[in-house]
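Structural overview for review
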Amino acid sequence: MNGARGADVARLIDIIDQFRRESILVLGDFVADEFVFGEISRVSREAPVLILRRREMHTLPGGGANAVNNLADLGARVHPVATLGDDAAGDGLAEYFRKKKVDTAGLLHRSGWTTPAKTRFLAGWPHTAQQQVLRVDREPDGLPDAAIEMIVRKARERIAGVSAVLISDYGYGSATPEIVASIRGRKRWARPVTLDSRHRLHAYAGLDLTAATPNEAEIEAAHNAQIAGDPSKLDSFARRTMARLNLGALVVTRGRHGMTVFERGRAPQPLAVFGSDQAVDVTGAGDTVIAAFTLALAAGASVLQAARIANYAGGIVVMKRGTATVTREELVAAIRSDASEKCAEPGCSSAGVPGSSPRTSPTG
Ligand SMILES: Nc1ncnc2c1ncn2[C@@H]1O[C@H](COP(=O)(O)OP(=O)(O)OP(=O)(O)O)[C@@H](O)[C@H]1O
Ligand SMILES: [Mg+2]
């Protein structure tokens with residue numbers, strides 16, 4: 001089952017309406033997603049290379065900062081805890097969130113440290129499409145103990161007031177299994193805790209997490225084996241990951257194949273992509289998915305309801321250029337249009353599909 005009908009639609013919209021009453025702690029690796037635009041002017045005389053005449057540069061929040069940005073645009077109050085370097089990329093990210101009225105007190109500037117950054121160079125002529133010609137990444141060294149202690153302290157100060165915790169580990173040191181263990185201490189989490197980890201999903205065993213949202217490549221890497229489009233392998237790897245991390249749920253994102261939702265004691269639920277599978281830009285779609293999924297869980301959704309909302313969010317965001325976000329209005333419009341499309345199919349009654357009822361309108 002994929003599309004939403006009747007009372008089901010009303011429930012998803014109620015959950016989305018609840019988003020603005022939730023606050024979320026994000027423990028994450030902030031990345032600056034930089035885009036340098038220019039025109040190819042000529043071939044260099046120094047070497048057989050093209051010269052890009054730089055016109056402008058835009059910086060967008062990437063990695064954990066993209067999850068924060070998505071949460072903010074979905075209406076949540078967000079409390080990020082992350083490390084930034086004392087460089088232009090770090091200052092740019094802090095300024096971006098300050099302007100957006102996100103709580104920036106947990107953004108820890110560290111002198112001598114490099115803010116992780118991915119710079120894409122996009123070349124074109126005035127009347128042609130832009131094309132990426134090069135990407136340059138800046139990667140920091142590891143964080144010293146003092147920086148890690150600060151992260152743990154900031155996170156512990158904030159945790160009592162939030163309704164969920166989102167961990168976005170891109171391998172740059174602000175979100176690690178050791179930091180999560182120190183934040184948690186000896187108690188069980190009293191709220192949903194979700195994980196996205198690029199390189200070490202299985203290192204989060206024993207931390208009492210609620211759910212994780214790996215992509216297929218991350219599941220393959222964790223099991224050191226290929227899925228190769230075989231659903232029985234996906235199922236077996238997912239179940240083993242859940243057992244190992246003691247997770248109640250696992251949402252495996254599968255690019256243009258959508259996602260599959262695994263829950264303990266239930267059959268897997270595949271969700272097809274919403275909208276077109278001809279994506280414009282898939283950068284950061286996974287961050288949008290974990291943001292919408294976590295916020296929906298915080299708002300009281302079941303795992304499947306939260307995954308369906310996240311799947312709509314993923315389908316919308318890949319139709320936008322660059323590292324992008326989704327709003328509640330866009331989510332509600334997508335759910336309604338999907339339901340009315342499904343209702344053109346035989347056997348569907350549209351009774352109960354909310355139209356423009358003010359009660360369910362997600363404004364404010
Ligand atoms: N080509 C596509 N067409 C339609 N939807 C897509 C496409 N790629 C991704 N999506 C949507 O975005 C969701 C997440 O995408 P994906 O599986 O690529 O995550 P990811 O690899 O973790 O991304 P990230 O690069 O942010 O880490 C998918 O579950 C799907 O809903
Ligand atoms: Mg991802």
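First, a word on scope: everything that follows refers to the structure included in this document. (Residues numbered from 1 in each chain as written. Chains lettered and ligands numbered in written order. Predicted model: local features only at pLDDT ≥ 70, side-chain atom pairs only at ≥ 80, totals over all residues.)

A tally of regular secondary structure across the chain gives 10 helices and 13 strands. The C-alpha atoms of the chain give a radius of gyration of 21 Å, which matches the 21 Å a tight globule of 364 residues would have. Here the C-alpha coordinates of the chain stretch approximately 70 × 55 × 45 Å along the principal axes. Looking at the chain as a whole, 44% of its 364 residues qualify as buried. Here the contacts in the chain between residues at least 6 apart in sequence split such that 71% fall between residues at least 24 apart. (Helix = DSSP H or I, 4+ residues; strand = E, 2+ residues; numbered from the N terminus. Rg over C-alpha atoms; globule rule 2.2 N^0.38 Å. Buried ≥ 20, exposed ≤ 12 C-beta atoms within 10 Å, placed from the backbone. Contact = placed C-beta atoms within 7 Å.)

Around ligand 1, 20 residues are found, and the nearest of them are Thr253, Arg256, Ala279, Gly286 and Gly314. Only helix H8 (285-298) and helix H9 (303-317) provide two or more residues apiece to the shell around ligand 1. Ranked by residue count, the leading element in the shell around ligand 1 is H8, at 4 residues. (Near = placed C-beta within 6 Å.)

The next thing to look at is helix H3 (residues 88-99). Between the first and last C-alpha of H3 there are 16 Å, a value that for 12 residues agrees with the 16 Å anticipated at 1.5 Å per step. Taken together, the buried positions of H3 are occupied by Ala89, Gly90, Leu93 and Phe97. In a view along the axis of H3, the buried residues occupy a sector of 105°, so they form one face of it. Those residues of H3 that are exposed and angled more than 90 degrees off the buried face are Glu95, Arg98 and Lys99. For H3, the secondary structure elements touched by its buried residues are strand S2 (30-43), strand S3 (50-63), helix H2 (64-73), strand S4 (77-85), strand S5 (107-110) and strand S6 (117-124). The first or second residue beyond H3 is Lys101, which carries a positive phi of 65°. (Expected span 1.5 Å × (residues − 1). Arc of directions from axis to C-beta.)

This brings us to the sheet that holds S2. Spatial strand order, S3-S2-S6-S7: 4 strands in an open sheet with mixed pairing. The two strands at the open ends of the sheet, each matched to only one other strand, are S3 and strand S7 (131-138). Direction aside, neighbouring strands of the sheet carry axes that sit 20° apart on average. Across 7 bridges, S6 lies against S7 in antiparallel orientation. Considered in S7, the bridge of Ala117 is made with Arg138. Contacts between H2 and the sheet are confined to S2 and S3, with S3 contributing the most and set at about 65° to the helix. (Pairing = 2+ DSSP bridges. Axes fitted to C-alpha atoms, helices over the stretch in contact; angles between N-to-C directions.)

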